[in-house]
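Understanding the architecture of this molecule
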Amino acid sequence: MKVLTNILRNSYIEQYPINQFFSFDIITYLTVHQFEKGEFIFKERSHPEYLYYMVEGKAKLYVTHKNGKVSLIDFITSPCFMGEMELLDSVRVSKGIQAVTKTICLAIPILQFRKRLLNDVIFLRELCMLLSDKEMKVTAKYTQNQVYPLENRLAAFILLSSDQGFYKEKHTEICEFLGVSYRHLLYTFAAFCEAGILVKHNRGYFIQNKDKLLTLSEEIL
């Protein structure tokens, strides 16, 4: 993680003002953190030091179970807060959040501002809206898994999780996330390659026809 200073810091704060979410001037206390692709924003079972407002990039949220199995929970895209649950519950430990692309976050130190934030009516109202949106997203994902073909859901997922036209998520995690068998997933990837939508690479897949993926994904967006 890199802390941006001076001109870079100020440019991001000016470009993505967040004072509207608070009843007091938070700008003075903000730092700007940059995470490179693959870096951990929150490590599992940690107590986050910052409430983050992601303004650029995307990340994946996951959990490791006691048996060692890793489950992908969701993809997080900007703009959004991260660490809000740990802010509300000081003894709660974080699930893992890992940057999928270069990610820029405005950072508020939790220890310093917890009491003030938890007494800020404007911020709490914004937080309620955020948590409501997240719950609706979970419900929508469950519904989509029931009613839409895998090709539509996989197209949307590839667009969400790819970086600069390249996709390389683990098949085992995606099977669980999309609620499909490993065999069905491989068959659909093979169909995408045969149709010229993807090109297989030893580390993943290059997107060759993004327009077709967009067309397929629009069915469920």
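This text follows the structure it describes.
Let me sum up the structure you'll find in this document. It should be emphasised that the depicted structure is a prediction, and the values quoted were computed from it without experimental measurement.

**Some points on the pattern of salt bridges**
Counted by the stated rule, this structure contains five salt bridges. Across the salt bridge formed by glutamate 176 and lysine 69, the nearest N and O atoms sit 4.0 Å from each other. One end of the pair, glutamate 176, is in helix H6 (residues 171–178); the other, lysine 69, is in the loop between strand E5 (58–64) and strand E6 (70–77), with 107 residues separating them in the sequence. Under the relative-accessibility criterion, lysine 69 is labelled partly exposed at 45%.

**Regarding the packing of aromatic side chains**
For any pair of aromatic rings, geometry is given as the distance between the ring centres together with the angle between the planes. Inspection of every chain in the model, using the stated rule, returns 19 aromatic pairs. Centre to centre, the rings of phenylalanine 21 and phenylalanine 81 are 5.7 Å apart; their planes meet at 65 degrees, and the pair counts as edge-to-face. Of this pair, phenylalanine 21 sits in the loop between helix H1 (6–15) and strand E2 (31–35) while phenylalanine 81 sits in strand E7 (residues 80–82), and the two are 60 residues apart along the sequence. Phenylalanine 81 matches phenylalanine 21 in its accessibility class, with the two residues each being buried. For the pair phenylalanine 24 and phenylalanine 113, a centre-to-centre distance of 6.2 Å together with 10 degrees between the ring planes defines the contact as stacked. Here the residue phenylalanine 24 occupies a position in the loop between H1 and E2, and phenylalanine 113 occupies one in helix H3 (residues 110–118), the gap between them amounting to 89 residues. On the accessibility criterion, phenylalanine 24 (11% relative accessible area) is buried. Feature note: the residues Phe21, Phe22, Phe24, Tyr29, Tyr53, Phe81, Phe113 and Phe123 constitute an aromatic cluster, connected by ring pairs.

**Considerations on H6**
The buried count for H6 comes to six of eight residues, which makes it a mostly enclosed element. Within the span of H6, buried status applies to His171, Glu173, Ile174, Cys175, Phe177 and Leu178. A positive backbone phi angle near 70 degrees is found at glycine 179, which sits one or two residues after H6.

**Comments concerning the pairing of strand E9 (residues 103–109)**
The element E9 is largely enclosed, with a buried count of seven among its seven residues. Residues of E9 alternate between two faces, with Thr103, Cys105, Ala107 and Pro109 on one and Ile104, Leu106 and Ile108 on the opposite face, all of them buried. Bridge count between E2 and E9: five bridges; the pairing is antiparallel. Note that in E9 the partner of valine 32 across the bridge is leucine 106. The pairing of strand E4 (residues 50–56) with E9 spans six bridges and is classified as antiparallel.

**Section: unusual backbone geometry**
For the peptide bond that leads from serine 78 to proline 79, omega is 0 degrees, which places it in the cis range. A positive phi angle is found at arginine 45, which is not glycine, with a value near 60 degrees. Mapped onto the secondary structure, arginine 45 falls in the loop between strand E3 (40–42) and E4. Judged by relative accessible area, which is 66%, arginine 45 ranks as exposed.

**Describing the sheet that holds strand E12 (residues 204–207)**
An order of E10-E12-E11 is seen for the three strands of this open sheet, with the pairing classed as antiparallel. Since the sheet does not close on itself, it has two edges, and those belong to strand E10 (166–167) and strand E11 (198–201), each with one partner. In the sheet, E11 pairs with E12 via four bridges, with the strands oriented antiparallel. Paired with histidine 201 across the two strands is glycine 204, which belongs to E12.

**Notes on helix H5 (residues 150–161)**
Taking 1.5 Å of rise per residue, twelve residues should cover 16 Å, and H5 covers 16 Å from first to last C-alpha, within 8% of that figure. Counting buried positions along H5 gives ten out of twelve residues, so the element sits mostly inside the fold. Within the span of H5, buried status applies to Leu150, Asn152, Arg153, Leu154, Ala155, Ala156, Phe157, Ile158, Leu159 and Ser161.

Thresholds, definitions, all that
Residues numbered from 1 in each chain as written. Predicted model: local features only at pLDDT ≥ 70, side-chain atom pairs only at ≥ 80, totals over all residues. Heavy atoms only, no water. Salt bridge = Lys/Arg side-chain N within 4 Å of Asp/Glu carboxyl O. Helix = DSSP H or I, 4+ residues; strand = E, 2+ residues; numbered from the N terminus. Buried < 20%, exposed > 50% of the residue type's maximum accessible area, 1.4 Å probe, protein only. Phe/Tyr/Trp six-rings, centres within 6.5 Å; stacked < 30°, edge-to-face > 60°. Pairing = 2+ DSSP bridges. Expected span 1.5 Å × (residues − 1).

Honestly, that's just the spatial picture; any functional story needs more than this.
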